[in-house]
Amino acid sequence: MELQTNADSRPQWKQELSNAIESVHQLLHILELDPAKLNLSEAAIRQFPLRVPLPFVEKMKKGDPNDPLLLQILPVTQEEQLDPDYQLDPLEELKSNPVSGLIHKYTNRVLMIGAQTCAVNCRYCFRRHFPYQENRISSQQLDKIIKYIENHPEVDEVILSGGDPLVNNDAQLSKIINRLNNIPHIKRLRVHTRLPVVIPSRVNDQMLSWITESRCPVTFVFHVNHPNEINNDLAEAIQKLRNSGCTVFNQAVLLKGINDQLETQLELSNKLFLAGALPYYLNLLDKVQGSQHFNVPEKDALALIEQMMKNTSGYLVPKLVRECPDIPYKLPIK
Ligand SMILES: *Cc1c(COP(=O)(O)O)cnc(C)c1O
Ligand code: SF4
C-alpha cells in the first residue's frame, strides 16, 4: 500500500503566500458577495493588483460588502479620482535614497527595503506607486548598503521594511541579520511587517532561530488596523516572538469607514494588549493618489485621540502622527 505524501515540501507560510487570492471573482465567491453590488474597478486592479492571503479572508464576514477587512483590499472606483493633493510619492522618499534599497531620512535609523512585494496589497498604501524594481536587494547591493551603514556611525538602528521583509526566506534574512550584527555601532534591529497578520504561520521555528541568534535585540512593528484582524493564530505568533525576547508594537493607519470610531480603536488597543503587542503609532493617511476616500480629517483624528485618552490607559493610546517630506521624524499631531 502506498502512503499518501504531501508533495509540497515548502513551509506552510510559503504555500499560503503563493496561494494568495488574486482574482476578485474568486474572492467574492468565497465571501458570497454579488460583484454587481460593489463598485469594482478594473483600472484600479491594473494599477495595483488585488492580492490577499486566505487566512486574512477567513477573518472577513461573509455577505458583508462593508466588512472592515474587505474594504482595505478591494479595488474600487473611488481610487480613480484624481486630486492634486494626492501624489505618486507623497513622502518624497526618493530624495532620501542614498543607495538603492536604503532610505536614510531620520538621523539615527535607516530603513532597508528588504523586499519588493507584500503578501497583501492594501489599497491605501503609499507604496502603491513606489518603483520597487529599482530597489531589489542583490548581493552586490547588500554590500553597498552594508558599506553605507559602516560609513555612518550615527546610525544605531536598522529597520527592515519593504514591501514586506518577511516575504524573504529565513536563510536570506539570517544572512542580512548577520551582516548587520557585524557592524559594531548597530545596537538595535527592527522589522516592520504585516505578513504575520495575514499569514500567522510565518512565525515558525526557522524565523525564531535567526531572532534568538541575533546580537542586537529584534523589535517587531506589526501593522494591524482593525480588531477583527486579531485572532488566536495571530496572538500565538506574537507570543512566540515575545518568548524569543522580542518587543512587539503595532502601528495602524487611520482609515475612514474602517477604524475611525472610538469603540473600534478602544477594542483594537485592548485586543492588541491581550495578544502581547502595544499600540505605537496611529498614522494619518499619506496622501497617495487613489487613497483619498480613506482620508480622515486632522480635526476628527484629534477628537478621536482625545476621546481615547479619556477612556483608556495612557499606554493603550497610540501616538497620532503624520509622515512629512522634510521632517526627520514622525510629526505628532496636536
Ligand atoms: C517611520 C520611519 C522610520 C522609523 O521611525 P520611528 O519613529 O523610529 O518608528 C525610519 N525611517 C523612515 C524613513 C520612516 O518613515
Ligand atoms: S507595505 Fe504594508 S500597507 Fe503597504 S501594501 Fe504592503 S503590507 Fe500593505
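Located above this text is the structure these notes cover.
Residues numbered from 1 in each chain as written. Chains lettered and ligands numbered in written order. Predicted model: local features only at pLDDT ≥ 70, side-chain atom pairs only at ≥ 80, totals over all residues. Heavy atoms only, no water.

J.: Which parts of the structure should I look at to understand the site of ligand 1?
T.: Ligand 1 sits among Ile103, Tyr106, Arg109, Leu111, Ile159, Arg190, Tyr280, Tyr281, Glu323 and Lys330. Residue tyrosine 280 places a side-chain N or O atom 2.7 Å away from an oxygen atom belonging to ligand 1. One nitrogen or oxygen atom from the side chain of lysine 330 is found 2.9 Å from an oxygen atom belonging to ligand 1. Out of a free accessible area of 380 Å², ligand 1 has 93% covered by protein chains. Only strand 1 (102–106), strand 2 (109–113) and strand 7 (278–283) provide two or more residues apiece to the shell around ligand 1. (Near = heavy atom within 4 Å. Polar contact = N/O pair within 3.5 Å; in protein donor to acceptor, adjacent residues only side chain to side chain. Areas by Shrake-Rupley, 256 points an atom, 1.4 Å probe, with all protein chains shown as cover. Helix = DSSP H or I, 4+ residues; strand = E, 2+ residues; numbered from the N terminus.)

J.: Would you explain the site of ligand 2 in this entry?
T.: All residues adjacent to ligand 2 are Cys118, Val120, Cys122, Cys125, Arg127, Gly163, Arg194 and His223. Class assignment for the residues of the shell around ligand 2 results in four nonpolar, two polar and two charged. (Nonpolar A, V, L, I, M, F, W, Y, C, P; charged D, E, K, R; others polar.)

J.: Explain empty space enclosed by the protein to me, please; I cannot follow it from the model alone.
T.: In this approach, a probe sized like a water molecule rolls over the atoms, and the result shows the empty space that is left. Tallying each qualifying case throughout the model produces one cavity of 30 Å³ or more. When its volume is computed, the largest cavity comes out at roughly 50 Å³. Forming the walls of the largest cavity are Asn250, Ala252, Gln265, Leu268, Ser269, Leu272, Pro279, Tyr281, Leu282 and Pro318. For the lining of the largest cavity, the secondary structure elements donating two or more residues are strand 6 (247–253), helix 10 (262–275) and strand 7. Here the lining of the largest cavity gets four residues from one element, more than from any other, and that element is helix 10. Taken together, the residues that form the lining of the largest cavity break down as seven nonpolar, three polar and no charged. (1 Å grid on protein atoms, 1.4 Å probe; cavity = no way out; pocket = protein on both sides within 12 Å on 5 of 7 lines; lining within 4 Å. Points joined across faces, edges and corners; volume = space filled by probe spheres on them.)

J.: How should the pairing of strand 2 be read in this particular structure?
T.: Looking down a regular strand, the side chains alternate between one sheet face and the other. Burial analysis of strand 2 places four of its five residues in the buried class, the great majority of the element. Relative to strand 2, strand 1 runs antiparallel, the two sharing three bridges. By the bridge assignment for strand 2, leucine 102 is matched with methionine 112. Strand direction decides the pairing type here: strand 2 and strand 3 (residues 157–161), joined by five bridges, are parallel. When the sheet's bridge partners are listed, methionine 112 is paired in strand 3 with leucine 160. (Buried < 20%, exposed > 50% of the residue type's maximum accessible area, 1.4 Å probe, protein only. Pairing = 2+ DSSP bridges.)

J.: What is the right way to look at helix 9 (residues 232–243) in this model?
T.: The end-to-end C-alpha distance of helix 9 is 16 Å, a good match for the 16 Å that twelve residues give at a rise of 1.5 Å each. Listed as buried for helix 9 are Leu234, Ala235, Ala237, Ile238 and Leu241. In a view along the axis of helix 9, the buried residues occupy a sector of 160°, so they form one face of it. Structural note: helix 9 exposes Asn232 and Asn243 on the side pointing more than 90 degrees away from its buried face. Packing partners of the buried residues in helix 9 comprise helix 7 (195–198), helix 8 (205–213), strand 5 (218–222), strand 6 and helix 10. Two to three positions downstream of the cap, the backbone nitrogen of aspartate 233 sits 3.2 Å from a side-chain oxygen, assigning the N-cap of helix 9 to asparagine 231. One or two positions beyond helix 9, positive phi appears at glycine 245, with a value near 95°. (Expected span 1.5 Å × (residues − 1). Arc of directions from axis to C-beta. Contact = heavy atoms within 4.5 Å.)

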